[in-house]
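# Examination of the molecular architecture
Next come the chains, spelled out residue by residue.
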Amino acid sequence: IFKSKMSMTPRDAFFKKCRDVRIEESAGEVSSEIVTVYPPGIPILIPGEAITPEIRDYLIQISKLGATIDGLPVDDNSLISVIK
């Protein structure tokens, strides 16, 4: 279980400009997308939520294990979209 911190409302995040960064460099950034890991299909991040070191590490680890991660901009799970 991750402790989440909303940096802005999902609505505000939706209308902000975003950029893609490497997942390894994403801690401290704010997600611009809904990021869901399958299985189990539960969102890990929603727009406006801060990316913590724990969430970053989880995404890296689960990607190495071959899980499907929906909401990332490229299929190789190397980038994540964040608020500019």
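Given the structure is predicted, the values throughout are model-derived calculations rather than measurements.

## Overview of the environment of Glu 24
With respect to the helices and strands, Glu 24 occurs in the loop between β1 (18–22) and β2 (35–38). Sequence separation of Glu 24 and Ile 42 is 18 residues, and the distance between their C-alpha atoms is 21 Å. What Glu 24 contacts, discounting residues up to four positions off in sequence, is Arg 56, Ile 60 and Ser 78.

## Let's talk about the sheet that holds strand β4 (residues 68–70)
Taken together, the three strands give an open sheet; going across it, the order is β3-β2-β4, and neighbouring strands pair in antiparallel fashion. At either end of the open sheet lies a strand with only one pairing partner, and these are β3 (42–45) and β4. When strand polarity is set aside, the average angle formed by the axes of neighbouring strands in this sheet is 35°.

## Overview of helix α2 (residues 53–64)
Helix length check: α2 (12 residues) gives 17 Å between terminal C-alpha atoms against 16 Å at 1.5 Å per residue, within 8%. For α2, the secondary structure elements touched by its buried residues are β2, β3, β4 and β5 (79–83). Positioned one or two residues after α2, Gly 66 has a phi angle of 90°, which is positive.

Calculation criteria
- Residues numbered from 1 in each chain as written.
- Predicted model: local features only at pLDDT ≥ 70, side-chain atom pairs only at ≥ 80, totals over all residues.
- Heavy atoms only, no water.
- Helix = DSSP H or I, 4+ residues; strand = E, 2+ residues; numbered from the N terminus.
- Contact = heavy atoms within 4.5 Å.
- Pairing = 2+ DSSP bridges.
- Axes fitted to C-alpha atoms, helices over the stretch in contact; angles between N-to-C directions.
- Expected span 1.5 Å × (residues − 1).

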